[in-house]
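A closer look at the structure
Residue strings, one per chain:
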Amino acid sequence: MPSADDPTDASEATELRYVATFDPDAGERASEAVVTAVAALTGDATVELSPLYEAVEPDSLDSLVRHARRSDDAGVHQLWFTYEGFDIGVQSNGEIRIRRGPVAAEP
């Protein structure tokens, strides 16, 4: 479940942000965790959201996390993308950072 208690640096202090987690060591998939977290934030059912593959390839995202977990000295890998109006940062340590994305200007 997303949390607004995200201790990030001061440059992000004024942005609306959330943190969700998943457990890659227990086999939880990052791609599923992203969709679940965004659905919780928007109040929509997961099936009502646009397909994740329109923003990022779900299998590639999951593979990146699995590969980073197998490399002991690799550190934490992170991938950012935009999905459903949010900037999503998935980290290989099981943390998902979610920030409200930029609002598009009206024509």
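Reading guide: rules and limits
Residues numbered from 1 in each chain as written. Predicted model: local features only at pLDDT ≥ 70, side-chain atom pairs only at ≥ 80, totals over all residues. Heavy atoms only, no water. Pairing = 2+ DSSP bridges. Helix = DSSP H or I, 4+ residues; strand = E, 2+ residues; numbered from the N terminus. Axes fitted to C-alpha atoms, helices over the stretch in contact; angles between N-to-C directions. pLDDT = per-residue confidence, 0-100. Contact = heavy atoms within 4.5 Å.

A word on the sheet that holds strand 4 (residues 95-100). The strands that make up a sheet pair up through hydrogen bonds in the backbone, lying either parallel or antiparallel. Strand order in the open sheet formed by four strands is 1-4-3-2, with antiparallel pairing between adjacent strands. Each of the sheet's edge strands pairs with one partner strand only, and the pair in question is strand 1 (17-21) and strand 2 (78-83). Ignoring strand direction, the axes of neighbouring strands in this sheet form an average angle of 20°. Of the strand pairs in this sheet, strand 3 (residues 86-91) and strand 4 are connected by five bridges, and their pairing is antiparallel. Each residue of the ladder has a partner; that of Asp87, found in strand 4, is Arg99.

The next point concerns the confidence of the model for the chain. On average, the chain scores 84 in pLDDT, and the residues at 70 or more come to 77%. Averaged over each element, pLDDT in the chain is lowest for helix 2 (residues 58-70) (90) and highest for helix 1 (residues 30-42) (97). Ignoring residues within four places in sequence, the model shows residues 1-14, a span with pLDDT below 50, making 22 contacts including any to other chains.

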